[in-house]
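Below are the chains, spelled out letter by letter.
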Amino acid sequence: MAPPRNVVKIAVQKSGAIPQLIQLDQAKPLATVLKEVCDAWNVTDSERYALKFADGHKRYITENNRMEIKNGSILCLSTAPDLEAQQLLGGLQSTSREGCYQALINLVPLASDMTFAQEVISRDGLQRLSTVIEDGDDLGEMLALGLRAFLELMEHGVVSWETLSIPFVRKVVSYVNMNLMDASVQPLALRLLESVTLSSPALGQLVKSEVPLDRLLVHLQVMNQQLQTKAMALLTALLQGASTAERKHMLDYLWQRNLRQFIYKNIIHSAAPVGDEMAHHLYVLQALTLGLLEPRMRTPLDPYSQEQREQLQALRQAAFEPEGESLGTGLSADRRRSLCVREFRKLGFSNSNPAQDLERVPPGLLALDNMLYFSRHAPSAYSRFVLENSSREDKHECPFAQSSIQLTVLLCELLHVGEPCSETAQDFSPMFFSQDHSFHELFCVAIQLLNKTWKEMRATREDFDKVMQVVREQLARTLALKPTSLELFRTKVNALTYGEVLRLRQTERLHQEGTLAPPILELREKLKPELMGLIRQQRLLRLCEGMLFRKISSRRRQDKLWFCCLSPNHKVLQYGDVEEGANPPTLESLPEQLPVADIRALLMGKDCPHVREKGSGKQNKDLYELAFSISYDHGEEEAYLNFIAPSKRDFYLWTDGLSALLGSTMGSEQTRLDLEQLLTMETKLRLLELENVPIPEQPPPVPPPPTNFNFCYDFSIIEP
């Protein structure tokens, strides 16, 4: 007879004793279960003990998490968390260095347990750790253990980072600023200061004033990747917390100190690949730097500004007035004004007053900046562009100013200028770190590309929008390749001619479109069930392979990883935390299990609880697109297993696999594309023998029945 649903068969271990195999009744109070276990071993004072998971993170069993105990779980009897916390905190106050060191050794692995952490915090454990960190004479392993334990306790979010004292923060800053320091200490100190900066504006200002940018540059130039990453994390945190003016000043200083060149040569092009966390911080640095262009992008040209009028005149003079000559020498004022208006028209401004063209925001003054940069840094190309188009027939001239304004808008959209930083994105462009003025340099390449494409398309003024669509596609496709330098970008984008774009479009269309003949549609419908079964099988195999996911908190981007996979028999999801850089764990080493039979539903996007908690700001849009959760039975309550997919493709594969596991429809965009690709391939294979044979829209007519059916054989007649 099967045991009741709330009874699980488990093993309980105790050091020096024979393990017990028991049936745990989940409806029975935990204190009663603990007393029965202790009585079986003749252990008195059961209140001094607690049950823990024997594998994985060895978390304490409480009434809140006891439903995580499944059939086959192995528990162990250990000291109660309150007594353990009291004993270890007593060790921290020991006058013996060895006693304090041993207490820290035991405290660090336990600090990640929420139950134990609450006991430590309630006994002023953070204050005692602060004393160890502030007053300790040991700047080596003991200090590293103290910082690690402190960080683990603070990560639970029980205590706010804003409660830290100024002397404590200054002491941690001093560890960052020291020249000779243990390699394990400074990454932890930098990580702590990053958390402080992101969580407390007041303490963030203290960190900014106490940690010189030059010191962070020193940390970035070491060969220790972990130290490099944490230094970059603190740097981006300080930049994010600064005002626009402060951020500009800080970035200007960093660029003067050759930070860009160092990142390009020693991080992007280093022998070791760029890690996920470093890639995110490089993305943030790129986004913040490009964000400095936003004020110019949002500011329209002021027709009453003498400086801006002079810039417009400089743009005109660079194209039409040879050096040393002035406009219309000896001409009347009206004649000079008329000539000036005509030349601005030749430059491609649509209004007689060019200031009116630049009143549009975006791109505002950023378009004028781009045009001036092009005219000053590529004067030959600028003059050639303007003079070549002003000498064409009117209907075929490419308007430089109008093209520059629209192209600036396009580049701002492609590079996400002015958009908030994503909390998880890693999509930085290596090319950005290869140039000092990357945005303006990119414009110089793009405006010449536009002129080239205009000529290839033999475009007229009426084709302006079509040309811009082609240029957008050329730029987007090339940026997606992540070229490592501007020269490589120039080579690749110029190779992507208008004819090549048409060829790529045609190829993609042929892959996406199928014939609409009814016989082909009928064949595709018959093939669909078999191919959907193939896709379902692939999705479940992907779940069995497993994947690493990042933990995302409401406070900041975490650097912790966890692994989840489906058992080969498709009955259990197994998961657990893993260390950064470690190999994917084996199925047997994953401590947590979730039976598929307990799953209630699959939630996606804004329906996920871990996304709802983060609010609805623009910066969380990427989380909405990558978030999904599994709701499952946790005793009498509903619990959730929350995911943030590394990419959109992984999001589709996992949500499809989980939907297939639950017997639901796989409705993702990736499934639609995969099905379309398989249908196209299978249809073409089936129709190979019908090549060049026209397929009729309608089936041939059925001939009328014969006048008699004497040719039919009667099988009911048994021959002798």
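Residues numbered from 1 in each chain as written. Predicted model: local features only at pLDDT ≥ 70, side-chain atom pairs only at ≥ 80, totals over all residues. Heavy atoms only, no water.

With an unreviewed UniProt entry as reference, the chain is termed ELMO domain-containing protein, source organism Neotoma lepida.

(A) How the structure looks around the overall build of the chain. When you go through the chain residue by residue, the secondary structure sums to 30 helices and eleven strands. For the chain, whose C-alpha radius of gyration is 34 Å, the value lies well above the compact-globule estimate of 27 Å for 720 residues. Dimensions along the principal axes, computed over C-alpha positions, put the chain at roughly 115 × 110 × 40 Å. Within the chain, the proportion of its 720 residues that are buried is 47%. Here the contacts in the chain between residues at least 6 apart in sequence split such that 67% fall between residues at least 24 apart. Only carbon and sulfur atoms are counted for the fraction: they give 52% of the accessible area of the chain, which is about 37200 Å². When the 78 positive and 91 negative side-chain charges of the chain are each reduced to one mean point, those points stand 4 Å apart. (Helix = DSSP H or I, 4+ residues; strand = E, 2+ residues; numbered from the N terminus. Rg over C-alpha atoms; globule rule 2.2 N^0.38 Å. Buried < 20%, exposed > 50% of the residue type's maximum accessible area, 1.4 Å probe, protein only. Contact = heavy atoms within 4.5 Å. Areas by Shrake-Rupley, 256 points an atom, 1.4 Å probe, with all protein chains shown as cover. Lys, Arg positive; Asp, Glu negative; His and termini not counted. Charge placed at Lys NZ, Arg CZ, Asp CG, Glu CD.)

(B) Highlighting the domain arrangement of the chain. We note that the domain assignment places domain 1 (7–76), domain 2 (83–287), domain 3 (298–320 + 336–508) and domain 4 (529–673) within the chain. Summarising the inter-unit geometry, the C-alpha centres of domain 2 and domain 3 are found 44 Å apart. Contacts between the two partners involve 17 residues from domain 2, matched on the other side by 18 residues from domain 3. Between domain 2 and domain 3 lies a buried interface of about 1600 Å² when both sides are counted; carbon and sulfur atoms form 63% of it. When the buried area of domain 2 at its contact with domain 3 is split by residue, Arg260, Tyr283 and Gln286 rank highest and sum to 40% of it. Between domain 2 and domain 3 we count one salt bridge in total. Note that aspartate 436 and arginine 260 form a salt bridge whose closest N and O atoms lie 2.8 Å from each other. There are eight residue pairs in polar contact (both at pLDDT 80 or more) connecting domain 2 and domain 3. (Domains from an automatic or database assignment. Buried area = accessible area lost by both parts, 1.4 Å probe. Salt bridge = Lys/Arg side-chain N within 4 Å of Asp/Glu carboxyl O. Polar contact = N/O pair within 3.5 Å; in protein donor to acceptor, adjacent residues only side chain to side chain.)

(C) Expanded view of the sheet that holds strand E10 (residues 627–634). Taken together, three strands build an open sheet; the order of strands is E9-E10-E11 and the sheet is antiparallel. The sheet is open, and its two edges are formed by strand E9 (599–604) and strand E11 (637–644), each paired on a single side. Taken pair by pair, the neighbouring strands of this sheet meet at an average axis angle of 20°, ignoring direction. Here E10 pairs with E11 via eight bridges, running antiparallel. The residue bridging aspartate 633 from the neighbouring strand is glutamate 638, located in E11. Sitting on the sheet, helix H29 (residues 648–661) touches E9, E10 and E11, and the angle it makes with E10 is about 30°. (Pairing = 2+ DSSP bridges. Axes fitted to C-alpha atoms, helices over the stretch in contact; angles between N-to-C directions.)

(D) Region of the structure containing empty space enclosed by the protein. As enumerated under the stated definition, the model contains three cavities of 30 Å³ or more in all. Estimated volume of the largest cavity: approximately 80 Å³. Taken together, Gln286, Leu290, Leu415, Ser429, Met431, Phe432, Ser438, Phe439, Leu442 and Leu479 make up the lining of the largest cavity. Contributions of two or more residues to the lining of the largest cavity are made by helix H14 (276–291) and helix H22 (438–457). Residue contributions to the lining of the largest cavity peak at three residues, all from H22. Tallied by class, residues from the lining of the largest cavity come to seven nonpolar, three polar and no charged. (1 Å grid on protein atoms, 1.4 Å probe; cavity = no way out; pocket = protein on both sides within 12 Å on 5 of 7 lines; lining within 4 Å. Points joined across faces, edges and corners; volume = space filled by probe spheres on them. Nonpolar A, V, L, I, M, F, W, Y, C, P; charged D, E, K, R; others polar.)

(E) Layout of the environment of leucine 92. Here leucine 92 is to be found in helix H2 (residues 81–92). Each C-alpha atom of the pair leucine 92 and threonine 131 lies 9.5 Å from the other, and the pair is 39 residues apart in sequence. The contacts of leucine 92, once residues within four sequence positions are left out, are Cys100, Ala103, Leu104, Leu107, Arg128 and Leu129.

(F) Inspection of helix H23 (residues 464–480) at higher detail. The terminal C-alpha atoms of H23, which comprises 17 residues, lie 24 Å apart, in line with the 24 Å expected from a rise of 1.5 Å per residue. Those residues of H23 that sit buried are Phe464, Val467, Met468, Val470, Val471, Glu473, Gln474, Leu475, Thr478 and Leu479. Following H23 by one or two positions, lysine 482 has its phi on the positive side, about 50°. (Expected span 1.5 Å × (residues − 1).)

(G) Geometry of the environment of valine 159. Along the chain, the position of valine 159 falls in the loop between helix H6 (141–154) and helix H7 (166–177). The spacing of valine 159 and glutamine 118 is 41 residues in sequence and 9.9 Å in space, taken between C-alpha atoms. With near-sequence residues (within four places) excluded, valine 159 lies in contact with Ile121, Leu126 and Met154.

(H) Fine view of the pattern of salt bridges. A full pass over the atoms with the stated rule returns 38 salt bridges. Notably, a salt bridge pairs arginine 461 with glutamate 397, separated by 3.1 Å at the nearest N-O pair. Placement of the pair is arginine 461 in the loop between H22 and H23 and glutamate 397 in the loop between helix H20 (379–390) and helix H21 (400–414), with a sequence separation of 64 residues. Taking relative accessible area as the criterion, glutamate 397 reaches 13% and is therefore assigned buried.

(I) Summary view of the state of the cysteines. For the structure shown, the criterion picks out zero disulfides. Between cysteine 412, a free cysteine, and cysteine 444, which holds the nearest cysteine sulfur, the sulfur-to-sulfur gap is 14 Å. Assessed through its relative accessible area of 6%, cysteine 412 is described here as buried. Cysteine 608 forms no disulfide, and the closest cysteine sulfur to it belongs to cysteine 564, at a distance of 14 Å. (Disulfide = S-S within 2.5 Å.)

(J) Spotlight on the packing of aromatic side chains. In this structure the tally under the stated criterion is 19 aromatic pairs. Measuring from ring centre to ring centre gives 4.9 Å for phenylalanine 150 and phenylalanine 168, while their planes differ by 40°; the resulting arrangement is tilted. Of the two residues, phenylalanine 150 is situated in helix H6 and phenylalanine 168 in helix H7; the sequence distance between them amounts to 18 residues. Pair check on accessibility: phenylalanine 150 and phenylalanine 168 agree, each one buried. Ring-pair connections join several aromatic residues into one group, and the members of that group are Phe549, Trp562, Tyr575, Phe628, Phe643, Phe651, Tyr652 and Trp654. Geometry around tyrosine 60 places lysine 52 over its ring, the cationic atom sitting 4.9 Å from the centre. Cation over ring: arginine 97 sits above tyrosine 101, and NZ or CZ is 5.8 Å from the ring centre. (Phe/Tyr/Trp six-rings, centres within 6.5 Å; stacked < 30°, edge-to-face > 60°. Lys NZ or Arg CZ within 6 Å of the ring centre and 35° of its normal.)

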